[in-house]
Amino acid sequence: MRYKLIHKTTYTYLNSVHNYQCIVCLHPVNSDMQICEDFKLTIQPHPQNLYARKDYFDNTQYYFSILIPHETLEVVATSIVEVLPPKLLFVNNGTCQEALDLFRTNLTLKNELLQFQLASPFIFWDDEVKQFAETCLIPDKAFYESVLKLSEKIFTEFEFKSGATTLNTPIKTVLKERKGVCQDFTHLMIAALRSLGFAARYVSGYLETLPPKGKVKLQGSDASHAWVSVYVPGMGWCEFDPTNNLVPGERHIVTAYGRDYSDISPLKGVLFSSGAHKVKVEVDVIPIP
């Protein structure tokens with residue numbers, strides 16, 4: 001599948017902004033699963049500085065600054081991406097306990113995965129989260145199948161409800177109220193996995209906006225989407241979408257990987273101004289015949 005992605009963010013400020021510094025993380029990744037054929041970033045007002053660099057997680061980020069007074073900021077990221085057909089998957093039947101034993105005894109692997117096993121700005125847990133995880137991740141059960149079960153549990157027991165949470169809603173609140181959006185479900189699933197010692201990371205990206213004929217429209221397909229990447233011994237990083245209870249395929253497009261949302265926020269910055277502001281985000285994922 002080939003897609004044209006358009007991600008438009010518009011900020012409207014009550015009072016003029018005199019200095020704005022921003023980081024944009026919207027460039028789709030290049031991997032063995034997808035190819036970013038083209039990327040264009042359009043910013044109004046025109047920035048005084050704009051340059052690209054790779055972050056710690058190998059995501060492409062853009063840094064820009066606007067040093068003139070402005071009351072509206074518009075950032076449009078346009079991409080052409082080819083998502084390759086999924087490869088045949090060899091499923092490792094190793095157990096949850098065997099996976100944990102490998103993480104503890106393989107020093108090279110432990111050093112590589114440790115940052116995705118520890119708490120991070122949006123990922124933390126307590127006994128309640130750990131007990132939630134233990135209902136699916138049972139020591140003598142196959143690890144890959146157990147992660148699928150955890151994804152299904154979140155999909156089945158939680159309600160997708162836009163506006164029910166904010167960026168700062170704690171994982172415990174999501175767990176208690178059983179509702180949220182893709183970001184909440186992703187953070188919860190990662191916290192559950194890490195609470196038992198497994199390695200999991202946050203995936204930011206998109207879903208195809210218009211589903212194929214006869215297919216059901218997926219939750220989160222009109223905005224940025226999020227899902228989970230889990231390290232499975234013998235298989236490597238494997239992805240799971242708890243919001244839709246899917247193993248991501250050709251309809252999922254990846255823009256970035258990180259420990260949690262704080263690492264790969266689409267736009268984050270510092271501005272010098274006063275008063276409130278409004279933000280509007282519009283996303284289109286358009287299949288290319």
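Residues numbered from 1 in each chain as written. Predicted model: local features only at pLDDT ≥ 70, side-chain atom pairs only at ≥ 80, totals over all residues. Heavy atoms only, no water.

Let us now look at the packing of helix H4 (residues 143-157) against helix H6 (residues 182-195). Between H4 and H6, whose axes approach to 11 Å, the crossing angle comes to 140 degrees. Classified by the angle between their axes, H4 and H6 sit oblique to one another. Crossing handedness for the pair H4 and H6: right-handed. Listed contacts from H6 to Phe143, Val147, Leu150, Ser151 and Ile154 of H4 are Phe185, Leu188, Met189, Ala192 and Leu193. Partitioning the contact of H4 with H6 into residue classes produces 9 nonpolar, 1 polar and no charged. (Axes fitted to C-alpha atoms, helices over the stretch in contact; angles between N-to-C directions. Helix = DSSP H or I, 4+ residues; strand = E, 2+ residues; numbered from the N terminus. Parallel < 35°, antiparallel > 145°, perpendicular 65-115°, else oblique. Left-handed = near helix turned anticlockwise from the far one by under 90°. Contact = heavy atoms within 4.5 Å. Nonpolar A, V, L, I, M, F, W, Y, C, P; charged D, E, K, R; others polar.)

As judged from the 6 bridges shared by strand S4 (residues 49-54) and strand S5 (residues 60-66), these two strands associate in the antiparallel manner. Counterpart to Arg53 in the pairing with S5 is Gln61. In this structure, the hairpin formed by S4 and S5 is closed by a connection of 5 residues, where Asp58 is found at a positive phi of approximately 75 degrees. (Pairing = 2+ DSSP bridges.)

The next subject is the packing of aromatic side chains. Inspection of the entire model under this criterion finds 15 aromatic pairs. Judged by centre distance (6.2 Å) and plane angle (5 degrees), the ring pair of Tyr11 and Tyr13 falls under stacked. Look at Tyr11 and you get buried, because its relative accessible area is 13%. Relative accessible area serves as the criterion here: at 7%, Tyr13 is assigned to the buried category. An aromatic cluster of at least three residues, connected via ring pairs, comprises Tyr56, Phe57, Phe103, Phe116, Tyr231 and Trp237. Note that Arg201 overlies the ring of Trp237, its terminal NZ or CZ placed 4.2 Å from the centroid. The ring centre of Tyr257 lies 4.1 Å from the NZ or CZ of Arg201, which sits over that ring. (Phe/Tyr/Trp six-rings, centres within 6.5 Å; stacked < 30°, edge-to-face > 60°. Buried < 20%, exposed > 50% of the residue type's maximum accessible area, 1.4 Å probe, protein only. Lys NZ or Arg CZ within 6 Å of the ring centre and 35° of its normal.)

Our next topic: unusual backbone geometry. The omega torsion of the bond from Gln44 to Pro45 falls at 0 degrees, within 30 degrees of zero and hence cis. Its place among the elements puts Pro45 in the loop between strand S3 (34-44) and S4. The residue Asp58 is not glycine, and still its phi comes out positive at about 75 degrees. Inspection of the secondary structure assignment puts Asp58 in the loop between S4 and S5. Positive phi outside glycine occurs at Arg178, with the angle close to 60 degrees. The residue Arg178 is located in the loop between helix H5 (171-177) and strand S8 (179-180) in this model.

What the rule picks out here adds up to 0 disulfides. For Cys25, which is in no disulfide, the shortest distance to another cysteine sulfur is to Cys22 and amounts to 11 Å. Under the relative-accessibility criterion, Cys25 is labelled buried at 2%. There is no disulfide at Cys182, and the cysteine sulfur nearest it, in Cys25, is 15 Å away. (Disulfide = S-S within 2.5 Å.)

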